[in-house]
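Read off the chains here:
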Amino acid sequence: MRKFFHFSLIILLFTSCLGPDTANYFLYSKDKMNGLDFSKGKWLIGEIEVNSYARTNLTNLVLADFNEYLGDRVKYSVNERSLLLPKQIPVHPTKSVILDLKKGADFDYFVNIKCKTSINDLSNFEFVDHYYYKKRMSYAQVILEVYDLNTGEIIYSQASGGSIEKVNTTTNKPTTIITIGSYKTIINDIKKKSIKPL
């Protein structure tokens with residue numbers, strides 16, 4: 001009985017060191033952009049496209065991160081009733097689409113965030129080559145773009161992917177974990193490269 005107890009304790013310690021929610025994340029955007037200049041302008045975060053499980057957590061995290069740099073110069077479009085914007089803005093929009101955003105919102109910069117998740121199906125992801133198939137895997141992809149509404153240019157575009165094996169997670173919503181983790185991978189990239197306000 002004592003040997004069994006010691007063996008169980010060793011296994012418990014080993015697995016807790018590894019962490020129950022071991023996930024893998026990477027950046028894979030083809031667009032190598034510099035960071036952002038947070039020292040000027042008014043910023044608008046568009047409605048974040050994400051599944052309902054992760055919506056509240058991710059939205060709060062995004063608003064907290066951008067508020068840290070921008071304070072009252074950043075707004076969330078969902079909370080701004082007077083804006084005339086389309087509900088969804090595609091990734092990599094044309095210059096004319098970006099300039100049209102300026103007509104519906106008197107802001108200088110627009111943040112567009114889109115998330116995609118899946119379980120055991122990589123067919124809708126761009127990072128298929130990076131993963132081999134495992135049973136019971138959950139995947140997420142986050143794309144974050146920033147547009148200069150005055151020039152109509154995309155000034156930042158980054159994508160992150162992540163995966164987690166469902167048998168290794170203690171939560172019943174592993175896609176939420178990797179969605180948040182993929183976003184954090186991008187925001188860390190932004191924080192490393194960006195100009196912070198004085």
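The rules behind the values
Residues numbered from 1 in each chain as written. Predicted model: local features only at pLDDT ≥ 70, side-chain atom pairs only at ≥ 80, totals over all residues. Heavy atoms only, no water. Pairing = 2+ DSSP bridges. Helix = DSSP H or I, 4+ residues; strand = E, 2+ residues; numbered from the N terminus. Buried < 20%, exposed > 50% of the residue type's maximum accessible area, 1.4 Å probe, protein only. Arc of directions from axis to C-beta. Contact = heavy atoms within 4.5 Å. 1 Å grid on protein atoms, 1.4 Å probe; cavity = no way out; pocket = protein on both sides within 12 Å on 5 of 7 lines; lining within 4 Å. Points joined across faces, edges and corners; volume = space filled by probe spheres on them. Nonpolar A, V, L, I, M, F, W, Y, C, P; charged D, E, K, R; others polar. Salt bridge = Lys/Arg side-chain N within 4 Å of Asp/Glu carboxyl O. pLDDT = per-residue confidence, 0-100. Phe/Tyr/Trp six-rings, centres within 6.5 Å; stacked < 30°, edge-to-face > 60°. Axes fitted to C-alpha atoms, helices over the stretch in contact; angles between N-to-C directions.

1. Here we look at the pairing of strand β6 (residues 153-165)
So, point 1. Note that strand β1 (residues 23-27) and β6 share five bridges and pair antiparallel. Counted as the bridge partner of L27 is S160 from β6.
So, point 2. Of the pairings in the sheet, the one linking strand β5 (residues 137-148) to β6 comprises twelve bridges and is antiparallel in character. Of the residues in β6, the one forming a bridge with Q141 is G161.
So, point 3. Counting the residues in the hairpin turn of β5 and β6 gives four residues, including G152, whose phi is positive at 75 degrees.

2. Quick notes on helix α3 (residues 95-104)
So, point 1. Of the residues making up α3, those classed as buried are I98, L101 and G104. For α3, the angular spread of buried residues about the axis comes to 110 degrees, placing them on one side.
So, point 2. Next to the buried residues of α3 lie β4 (109-119), β5 and β6.

3. Some words on the layout of surface pockets
So, point 1. By volume, the largest pocket is sized at about 180 Å³.
So, point 2. Together, 16 residues line the largest pocket, and E47, S77, L85, P86 and K87 are the ones closest to its centre.
So, point 3. Looking at the lining of the largest pocket, its residues break down into seven nonpolar, four polar and five charged.

4. Some thoughts on the pattern of salt bridges
So, point 1. Applying the stated criterion to the full structure yields ten salt bridges.
So, point 2. Residue D106 pairs with K42 through a salt bridge whose shortest N-O separation is 4.0 Å. In this pair, D106 is assigned in the loop between α3 and β4 and K42 in the loop between β1 and β2 (43-45), connecting sequence segments 64 residues apart.
So, point 3. Under the relative-accessibility criterion, D106 is labelled exposed at 53%.
So, point 4. Classification of K42 by relative accessible area gives partly exposed; the value is 38%.
So, point 5. Note that K102 and D108 form a salt bridge whose closest N and O atoms lie 3.8 Å from each other.
So, point 6. With relative accessibility at 23%, the residue K102 sits in the partly exposed group.
So, point 7. What you see here is one network of salt bridges that share partners, running through K42, K102, D106 and D108.

5. Quick word on the confidence of the model for the protein chain
So, point 1. On average, residues of the protein chain score 80 in pLDDT, and 75% of them reach the 70 mark or higher.
So, point 2. Predicted confidence in the protein chain is weakest over helix α1 (residues 2-18), with a mean pLDDT of 32, and strongest over β2, with 97.

6. Notes on the packing of aromatic side chains
In this description, an aromatic ring pair is defined by two values, namely the gap between the centres and the angle between the planes.
So, point 1. Under the defined criterion, the tally for this structure stands at six aromatic pairs.
So, point 2. Arranged with centres 6.1 Å apart and planes meeting at 75 degrees, the rings of F38 and F66 form a pair that is edge-to-face. Taken together, the residues F38 in the loop between β1 and β2 and F66 in helix α2 (residues 52-70) connect sequence positions 28 residues apart. As far as the burial class goes, F38 and F66 line up, both buried.
So, point 3. Judged by centre distance (6.2 Å) and plane angle (5 degrees), the ring pair of F110 and Y147 falls under stacked. Placement of the pair is F110 in strand β4 and Y147 in strand β5, with a sequence separation of 37 residues.
So, point 4. Since its relative accessible area comes to 2%, F110 is described here as buried.

7. Considerations on the sheet that holds β5
So, point 1. An order of β1-β6-β5-β4-β2-β3 is seen for the six strands of this open sheet, with the pairing classed as mixed. For this open sheet the edge positions go to β1 and β3 (74-76), each flanked by a neighbour on one side alone. Taking each pair of neighbouring strands and ignoring which way they run, the sheet shows an average axis angle of 20 degrees.
So, point 2. Here β2 pairs with β4 via three bridges, running parallel. Bridging from a neighbouring strand, W43 pairs with Y109 of β4.
So, point 3. The strands touched by α2 are β2, β3 and β4; relative to β3, the strand with the most contacts, the crossing angle is about 165 degrees.

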